[in-house]
Amino acid sequence: MDSLPFLYKTTFGRILLKPLTAPSLSKFCGRFLDSKLSAFLIKGFVKNNNINLEDYQTEEIKTFNEFFRRKIKDGLRPFDMTPSKLCAPCDGLLSIWNIEEADGTVIPVKQSQYTIEGLLQNKELASQYNGGLCLVFRLCVNHYHRYAYVDSGHKGKNTFIPGILHTVRPIALETLPVFVQNSREYTVIESSVFGPIVQMEVGAMLVGRIVNHEQEAIVKRGDEKGFFEYGGSTIILILQKDKAKINPEILKNSGLGIETPVKMGEVIGNSVSAN
């Protein structure tokens, strides 16, 4: 039985929710999942989530977290390298939302609204994206949890924003502005085609660990940026106004409150200059 409606929709459930979203619980769980004692969980996880082990590199895996951050075999996530193509940086369920011109508010269908300033905790940076697009890739536990750079360019420093750790499942997103409450980390990639792109990773319940490989650097689209450890998580891309045109089917689905399944490297749009 799913306990989330109880936790997010009842008064007593919300009292119980507070310790469950605390980073300290995530750290405790992470220590166990890093240990060899957690290996027994792998078999059931694979079966319950219909994971095809033939797709992944599973040699020498000794802990659950090693399995969760497993790498996919070469060639199974080809990344379109055409500069004018906008590609998904990860596997996930994609929604696209407009950012209000006036105040940077994002108003998703069936979800709590939030502002880009609240998301970034940086007023000056946030103001650059008014009228732009917010792309939300929601990862479930069965998804591949490594992610790539969305485009080539100079990558700025990583900015970490501490917070709590709500689940990113729809029931929580409907109830609370989860993305501005959860722990998250972002960087700005200076793309020559799409302009400055914010690429953000958002932690979730029992996911305190966001692992990015590099600080400030010159990066290449499609190269691995980092990975999440256990749980469902989210990648957010923020684009400036008139920089990208998204595939119509994805926009149609988003307008109906439907998430579109995508895979890392899949083309989801084009630069405006290419249309």
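Preceding block: the structure.
Nothing here was measured: the structure is a model prediction, and the numbers come from that model.

Calculation rules
- Residues numbered from 1 in each chain as written.
- Predicted model: local features only at pLDDT ≥ 70, side-chain atom pairs only at ≥ 80, totals over all residues.
- Heavy atoms only, no water.
- Pairing = 2+ DSSP bridges.
- Helix = DSSP H or I, 4+ residues; strand = E, 2+ residues; numbered from the N terminus.
- Axes fitted to C-alpha atoms, helices over the stretch in contact; angles between N-to-C directions.
- Buried < 20%, exposed > 50% of the residue type's maximum accessible area, 1.4 Å probe, protein only.
- Contact = heavy atoms within 4.5 Å.
- Core = buried A, V, L, I, M, F, W, Y, C linked by side-chain atoms within 4.5 Å.
- Phe/Tyr/Trp six-rings, centres within 6.5 Å; stacked < 30°, edge-to-face > 60°.
- Lys NZ or Arg CZ within 6 Å of the ring centre and 35° of its normal.

Caption draft 1: Spatial organisation of the sheet that holds strand S3 (residues 85-87). An order of S3-S19-S17 is seen for the three strands of this open sheet, with the pairing classed as antiparallel. Sheet topology places S3 and strand S17 (244-246) at the edges, where each strand pairs with a single neighbour. For this sheet, the mean angle separating the axes of adjacent strands, direction not counted, is 35°. Sheet topology places S17 next to strand S19 (residues 267-271); three bridges connect them, and they run antiparallel. From the neighbouring strand, Ala244 faces S19, where its bridge partner is Ser271.

Caption draft 2: A look at the side chain of Asn253. Relative to the assigned elements, Asn253 resides in helix H9 (residues 248-255). For Asn253, a relative accessible area of 14% corresponds to the buried category. Aside from chain neighbours lying at most four places away, what touches Asn253 is Ile258 and Thr260.

Caption draft 3: Geometry of the nonpolar core. Counting 27 residues, the largest nonpolar core has Leu86, Leu94, Leu135, Phe137 and Ile268 as its most contacted members. Taken together, the elements giving at least two residues each to this core come down to strand S4 (92-98), strand S7 (133-139), strand S14 (217-219), strand S16 (233-239) and S17. Considering each element in turn, this core owes the most residues, four residues, to S7. Discounting residues that sit within four places of it in the chain, Leu86 has contacts with Leu135, Val150, Phe194, Leu239, Ala244, Ile246, Glu266, Val267, Ile268, Gly269 and Asn270. Judged by nonpolar contacts, the second largest core, of 25 residues, contains Ile116, Cys134, Met200 and Ala204.

Caption draft 4: Expanded view of the sheet that holds strand S13 (residues 210-212). A sheet is described by the order of its strands in space; here three strands give the open sequence S8-S15-S13, paired in antiparallel fashion. Strands with a single pairing partner mark the edges of an open sheet, and in this sheet they are strand S8 (146-148) and S13. Sheet twist, expressed as the average angle between the axes of neighbouring strands with direction ignored, equals 20°. Bridge count for S8 against strand S15 (residues 224-228) is three bridges, and the pairing is antiparallel. What sits directly across from Tyr147, in S15, is Gly226.

Caption draft 5: Region of interest: the pairing of S15. Here S15 lies mainly inside the structure; four of its five residues are buried. Relative to S15, S13 is paired through three bridges, and the arrangement is antiparallel. Bridge pairing in S15 places Asn212 opposite Gly226.

Caption draft 6: View of the packing of aromatic side chains. Scanning the model with the defined rule gives seven aromatic pairs in all. Their ring planes at 85° and their centres at 5.1 Å tell us that Phe45 and Phe64 sit as a pair that is edge-to-face. Taken together, the residues span a long stretch of sequence, with Phe45 in helix H4 (residues 41-48) and Phe64 in helix H5 (residues 64-68) at a distance of 19 residues. Comparing Phe45 with Phe64, the two get one shared label, buried. Within the aromatic cluster, the residues linked to one another by ring pairs are Phe45, Phe64, Phe67 and Phe68. Here the basic side chain of Arg70 rests over the ring of Phe67, its NZ or CZ set 4.5 Å away from the ring centre.

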